[in-house]
Every structure is written in C-alpha cells, then in structure tokens.
Amino acid sequence: MGEILTSAQMRAKERRVMQAGEVTGLGLMERAGQGVLDETFRKFPDLDKCKAHAVVLCGPGNNGGDGFVIARGLFERGWKVEVFFWGKAEKLSDDARQMHDAWAALGPIHSMTPQSAGQGERPTLLFDAMFGIGISRPIPIECALSFHAVCDRASGDKKVICIAVDCPSGVDVDTGATLLRDDPSRANGDTDPRKIAERTDLCVTFHAPKLGHCLAELGRHPVAVVDIGLDAVPADAVIPPDGVTRSIPPVAPETWLKEVTGLGRGGHKYTRGHALILAGGVGKGGAGRMAARAALRTGAGLVTLGVPSEALAENAAHLNAIMLTEISSAKDVSQALEDTRLSSVCLGPGLGVGMETRDRVLAVLRATASDGRRAVLDADALSSFADAPEVMFEACHENVVITPHEGEFARLFPDLAEKVRISDPSKQGLGKVEATKLAAERLGATVLLKGEATVLADQRGASAIHSALHDRAVPWLGTAGAGDVLAGIIAGLTAHQVAATSAMIDLAAAAVWLHAQAARSFGPGLIAEDLPEQLPKVFRECGF
Ligand SMILES: NC(=O)C1=CN([C@@H]2O[C@H](COP(=O)(O)OP(=O)(O)OC[C@H]3O[C@@H](n4cnc5c(N)ncnc54)[C@H](OP(=O)(O)O)[C@@H]3O)[C@@H](O)[C@H]2O)[C@@H](O)CC1
Ligand SMILES: [K+]
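Residues numbered from 1 in each chain as written. Chains lettered and ligands numbered in written order. Predicted model: local features only at pLDDT ≥ 70, side-chain atom pairs only at ≥ 80, totals over all residues.

Looking at an unreviewed UniProt entry, one finds the protein chain named Bifunctional NAD(P)H-hydrate repair enzyme and attributed to Donghicola eburneus. Looking at the Subunit (unreviewed entry) heading of the UniProt record, one finds this comment for the protein chain: "Homotetramer." (UniProt positions renumbered as here; feature names shortened; annotations may be inferred.)

Written as structure tokens, this is what we have:
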C-alpha cells in the first residue's frame, strides 16, 4: 500500500467504496472487528490456545461497534468476555446498533464506570474500543478511569495486554497527539488520557496507517494494519495522489531506491556528478568532512570540500579522494559555482551562525536558482536566518532542500512550531505533517524535518514520513554528526545526472532511508563516522 491517510481521507475512501456498492458499513465493521482478533492472536499466538478472559470497552460510535464484533468473536472462540459500554444504545449508528444487539443476545452489556470496570478478576486481554478516528474532544474522564480500573483490578497480578482498536482512545490520528483538557490539573495520573496510549501493547488499524500512527508522539506500541476490503476502488479515484502522505520505505524499497536515485545505472565520474560541500574554519571542519565523505560514498563522482584559506592545511591532512578548494567568502562561493560541472551544493554543517554564513547561503541560492542544480541547507545555514527567515524564503527555489531538526525548524517557522505544541485541532493545533507542508509551501522548496519520525514535504503539497519507530527504531542514530552525514548523503544523491528527473522530495526521502538503514546495519555503538562506511553494505544488500 505505502500510503498514510488522514481520518478525512479514510472516511472519503470508505464512503466511495460503499457508494460503489462494493461493501456495506456492516460488512466493514465485521471485517474490522474480526481483523483485530486475527492480528491480536498473530501477535500473541499462545493466547489463542488458552481461551482465557477478556474485557471489551465499547464507546458511543462505530469504534464501539467494532468492540461488539470483537466480543462476539472472542465468545465464539470460547473466551469469557465482559463488555462495558459508555453511551446510549438508541444513539448508536445503525451498524453499531446491530452489532450491539448481536452481542446482547450472547452476553450482558454493563454500563461503563470506573467502579463497575474495576470489579472482578484481572483479564488477560483488554480491548479499547471506546473512541477511534471520530474523536472531536478530550475523552470523558470516566472512560480513561475505567480503562485503568480494568488494568489495575486487585484480583490477579499479571499485566493486562491492552489492544487499541484503530487507535488508543483519545489520540487524534491526524497528529498522533492526545487531546487534552485546557485545565491540566484535571489530567493527572489515571485521568491523563495519554496514559492509555502508554499502556497500549498493540494497535490494530484498518486499511492503511493514519498519520498519527507513524508519528507516535506517545506510546511505543507496534501498529498492525488490517485489510478490510477498501482496495476495491483505487486510491486515486478518491484522493489526489499528492494529497496522500507516502510511507518511507515503500513496500519494495530496493526497486524504489533504484528508480528514484538512478544508482547502479553505470556512467562515469562526471555523469555521477560533482558535489561541493562548504566547511567551517580551523578546528570546525569535521562536520563538513563527514558530509563530504557521505556524499562520496553515496556515489557522487567527485566531491570538493570548500574551506577558508586558514583551514586548508588542516583539511588537507585529513583528505584523500575528496578534493579541496579555498572558499573564504560569499564571493568565492559565487565564483566557484560558475563552474556548472558542480551539480550539487551542501552547506551548513560546522559553518558557524552569522552574516558570513547567511551571505554564502544567498550566494548558493542565487547561483542555483535557474539552472536545475540542487542545494542542501542544514544546521548553521538555517540558524543564520533565525532573525530574518523571510530573506531565505525569498531566495529559495524548488531544487533546494532544508534539513532542520525541531529546534532549527522553530527558528525558521516559530508560528508553525508553536501550533504543533497545541494538542487540540479546534484551537488551531497542527500536526507535524501539516506544519511541514505549510513550511514547504512558505519556503517554496522541500522541507525535511528530522526526528524519530522524519517528515518531508515539498512546495507542491507532496509529503512523506519515515518512521523510525517500533521494529525500525534506531535510537543510536541520535549521535553527534549524524545530521551532517544525512546532508552529505542528499548532496551525493542529488549530484548525479541520472537523478535530475527525480523530485527533490524523493531524493531526500531516499537519503533518509539510506541513512537509517546504515545505522540499522551497524547497530548500537554507532558514531557518525561509521555511517558513510556502512553505505557500501547497504547498497550491496539492495542489489546494486
Ligand atoms: N471509517 C472506516 O472506514 C471504518 C471505521 N470503523 C470504525 O469506526 C470508527 C469511527 O467511528 P465514528 O466515526 O463513529 O467515531 P468514534 O471514534 O467511534 O467516536 C465517535 C463517537 O464518539 C463521540 N465522541 C467523540 N469524542 C467524544 C468525547 N470526547 N466525549 C464523548 N463523546 C465523544 C461522538 O459523538 P459526537 O462528537 O457526535 O457528540 C460519536 O458518537 C473507526 O475508528 C473504526 O474503529 C470500522 O468499523 C470500519 C471501517
Ligand atoms: K480505540
């Protein structure tokens, strides 16, 4: 699939498939509930044999409807099932009402209160089917307390395995944030809805992951995706392709990597391009050297490091295959870029924050504005515009990518960063993806916002997420200089002539994947210098 949807896109798709007569709402709900059980027993196979005891918490919407299907499915498998319901049966949708009634013929439905939910023996499994993608405000405190009351039942000492249906209740799937009340004092301990996500062991969602699943600000649970038959109508018939956020890596990463980067297609050192990396002064060249080495390892035919005159000797002592040239000023940058064989430029790592760097950035942007050459701006190249970001926005163009971490992003886009901190969309809170898309639109270029979940967006509205979470987690990638290497990998990939037809966002996404893959391949103990050295192994594994 490779697509990551918003809740609105999911609903649009559901409507479209139902209109096409491919499936009914009841059919979708049945598949959803049964799919949650299948995924649960796939993840915890021993449980299917033990026919134990489960609690299902059902909410007032269709998420609750899925819960009634789950209860019935467990009952049919021989489990002891307790169902608690928060809401009024007469207010349920027709589909959820039918599922409610089907369960009512098999077992009791208890009203959900913390007191009632806290009685009895601790179950093996707890299904959270209280609220799904229809959440519009913070969840009722009684629901949060009921969830914890089941987990903490006094009778029994085993940890309850918590399964979230579609999402942990209270999480906004468009942002990954939990909706919180204005009054934080009302959200302490078990009344804090974030604790539901923290206690979740597995989340089972439908058809495709939603944005929030890939950002996962809270909780470290894995996410399983169940096919409920919505592929009967192609996605393009419902949602414009650029409106869908893509998942990086896609289903077949090796094929994708070859297509996007053109790597492995042969050529000679000139067709593979020439990357120019600008580095800092004496004692500050390490970051630039690491970026340069990454560019060379990524397959740029030639790489030149540009350094101020006083740093030439120091750098010469460190370099072999990488060429060295003197670049001491913005004027030198402009002169160097008159050589159009230089096909990509990377600047920022170790360059220092200030007017000097700002002028160099502007010189690069001017020189590359209209000839298709690519530029990568990172670190100090970004921070140097903190007090006048509009100067950079003015000069940027579609062949530029900026690679901020969250701090650098906040310096350039303080209003957007502030909105990401607001958890409630009705109070104009923004998710990270939406914020990155707005930033890219403002910049007129590609934005790559680094983090455990790296979000990419470009000026045309395309977006992608690389989620280094769960089974792709690489905590050891948070090491000094790792960002410099990423900037160098992008410079290396974008230098290639064969990559000229690929969109900047695709090349940047490929770089993010290679970077994480190199870190995964090396493992714990990694330092930034190891990353470029690991790339040949990654390329071999990709079949280059
Ligand atoms: N779409 C699909 O393809 C499929 C969807 N399926 C399932 O449906 C789920 C979406 O169902 P949904 O739209 O009914 O929303 P849901 O999350 O159950 O909650 C809405 C209800 O809660 C209420 N409510 C909201 N916030 C509240 C609060 N803070 N406090 C109190 N009440 C609150 C809200 O009331 P209202 O806001 O209208 O007052 C409404 O009654 C989805 O997650 C998946 O599990 C699958 O069956 C099959 C395929
Ligand atoms: K839920």
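That was the structure; now back to the text.
Q: Got a sec to walk through the pairing of strand β18 (residues 463-467)? Specific residues and values, please.
A: Across the five residues that make up β18, a large majority, five, are buried. Burial along β18 is two-sided: the residues Ser463, Ile465 and Ser467 and Ala464 and His466 are all buried. As paired elements, strand β9 (residues 245-248) and β18 share four bridges and run parallel to each other. Each bridged residue has a counterpart across the sheet, and for Thr245 the counterpart in β18 is Ser463. Both strand β17 (residues 453-457) and β18 contribute to a ladder of five bridges, which runs antiparallel. By the bridge assignment, Thr454 is partnered in β18 with His466. Hairpin remark: β17 followed by β18, antiparallel, with five residues in the connecting loop; positive phi at Gly461, about 100 degrees. (Buried ≥ 20, exposed ≤ 12 C-beta atoms within 10 Å, placed from the backbone. Helix = DSSP H or I, 4+ residues; strand = E, 2+ residues; numbered from the N terminus. Pairing = 2+ DSSP bridges.)

Q: Explain helix α22 (residues 530-541) to me, using residue names and the numbers behind them.
A: An ideal rise of 1.5 Å per residue puts 16 Å on twelve residues; α22 measures up with 17 Å between its terminal C-alpha atoms. Taken as a whole, α22 has its buried residues at Leu531, Pro532, Gln534, Leu535 and Val538. One side of α22 carries all its buried residues, which in axial view fall inside an arc of 150 degrees. Exposed and facing more than 90 degrees away from the buried side of α22 are Pro536 and Arg540. For α22, the elements touching its buried residues are α11 (286-297), α20 (482-495) and α21 (504-522). (Expected span 1.5 Å × (residues − 1). Arc of directions from axis to C-beta. Contact = placed C-beta atoms within 7 Å.)

Q: Describe the environment of Ala457, naming the residues involved and giving the relevant values.
A: Examined against the element boundaries, Ala457 turns out to sit in strand β17. For the pair Ala457 and Val447, spaced ten residues apart in sequence, the C-alpha to C-alpha distance is 5.5 Å. What Ala457 contacts, discounting residues up to four positions off in sequence, is Thr436, Lys437, Ala440, Val447, Ala462 and Ser463.

Q: Could you give an account of the packing of helix α2 (residues 25-43) against helix α4 (residues 62-76), naming the residues involved and the relevant values?
A: Any two packed helices are characterised by how steeply their axes cross, that is the angle between the axes, and by the distance between the axes. One can describe the packing of α2 onto α4 by two numbers: an axis separation of 8 Å at closest approach and a directional angle of 60 degrees. One finds that α2 runs oblique with respect to α4. Where α2 crosses over α4, the two elements pack in a sense that is right-handed. Here Met29, Glu30, Ala32, Gly33, Gln34, Val36 and Leu37 of α2 lie close against α4, whose contacting residues are Asn62, Gly65, Asp66, Val69, Ile70, Gly73 and Leu74. Its residues assigned to classes, the contact of α2 with α4 shows seven nonpolar, five polar and two charged. (Axes fitted to C-alpha atoms, helices over the stretch in contact; angles between N-to-C directions. Parallel < 35°, antiparallel > 145°, perpendicular 65-115°, else oblique. Left-handed = near helix turned anticlockwise from the far one by under 90°. Nonpolar A, V, L, I, M, F, W, Y, C, P; charged D, E, K, R; others polar.)

Q: Report on the domain arrangement of the protein chain, specifying residues and quantitative values.
A: Looking at the assigned domains, one finds that the protein chain contains domain 1 (3-239) and domain 2 (246-541). Relative to domain 2, the C-alpha centre of domain 1 lies at a distance of 40 Å. Residue assignment for the side of domain 1 that touches domain 2 shows that the elements contributing at least two residues are β1 (3-4) and α9 (211-215). Counting residues per element, the side of domain 1 that touches domain 2 draws most heavily on α9, which supplies three residues. (Domains from an automatic or database assignment.)

Q: So what's going on with the site of ligand 1? Residues and values would help.
A: Near ligand 1 lie 28 residues; those nearest to it are Gly61, Asn62, Asn63, Gly132 and Gly134. The set of elements that each furnish at least two residues to the shell around ligand 1 consists of α1 (7-19), α2 and α4. Ranked by the residues each element gives to the shell around ligand 1, the list is headed by α4, at five residues. (Near = placed C-beta within 6 Å.)

Q: A description of the sheet that holds β18 should follow, citing residues and the corresponding values.
A: Sheet strands pair via backbone hydrogen bonds, and the direction of the pair is either parallel or antiparallel. If you trace the eleven strands from one edge of the open sheet to the other, you get β1-β9-β18-β17-β16-β15-β14-β13-β10-β11-β12, paired in mixed fashion. Of all strands in the sheet, those with a lone pairing partner are β1 and β12 (323-326), marking the two edges. Contacts from helix α14 (residues 355-368) reach β10 (274-278), β13 (342-347), β14 (374-377) and β15 (400-402), with the element oriented near 155 degrees to β13. Of the strands in this sheet, β9, β15, β16 (446-449), β17 and β18 are in contact with helix α19 (residues 432-443), which crosses β16 at around 145 degrees.

Q: So what's going on with the packing of α21 against α22? Which residues, and what values?
A: The interhelical angle for the contact between α21 and α22, taken along N-to-C directions, is 90 degrees, at an axis separation of 8 Å. In terms of orientation, α21 and α22 fall into the roughly perpendicular class. For the pair α21 and α22, contact is made by Leu514, His515, Gln517, Ala518, Ala519, Ser521 and Phe522 and by Asp530, Leu531, Gln534, Leu535, Lys537 and Val538, respectively. In the contact of α21 with α22, the residues fall into seven nonpolar, four polar and two charged.

Q: Describe the UniProt feature "binding site: K(+)" (unreviewed entry) in the protein chain, with residues and values.
A: Sites flagged by UniProt as "binding site: K(+)" (unreviewed entry) map to Asn63, Asp128 and Ser169. Spanning 107 residues, the annotated positions come together in the fold, the maximum distance between their C-alpha atoms being 9.4 Å. With respect to the helices and strands, Asp128 occurs in strand β5 (residues 125-129). Residue classification places Asp128 among the buried positions, given that 30 C-beta atoms sit within 10 Å. Excluding residues within four positions of it along the chain, Asp128 makes contact with Leu57, Phe147, Cys162, Ile163, Ala164, Val165, Pro168, Ser169 and Ile196. Residue placement: Ser169 occurs in the loop between β6 (161-165) and α8 (194-199). On the neighbour-count criterion, Ser169 (27 C-beta atoms within 10 Å) is buried. Each residue touching Ser169, except ones within four places of it in the same chain, is listed here: Gly59, Asp128, Met130, Phe131, Ile139, Cys143 and Ile196.

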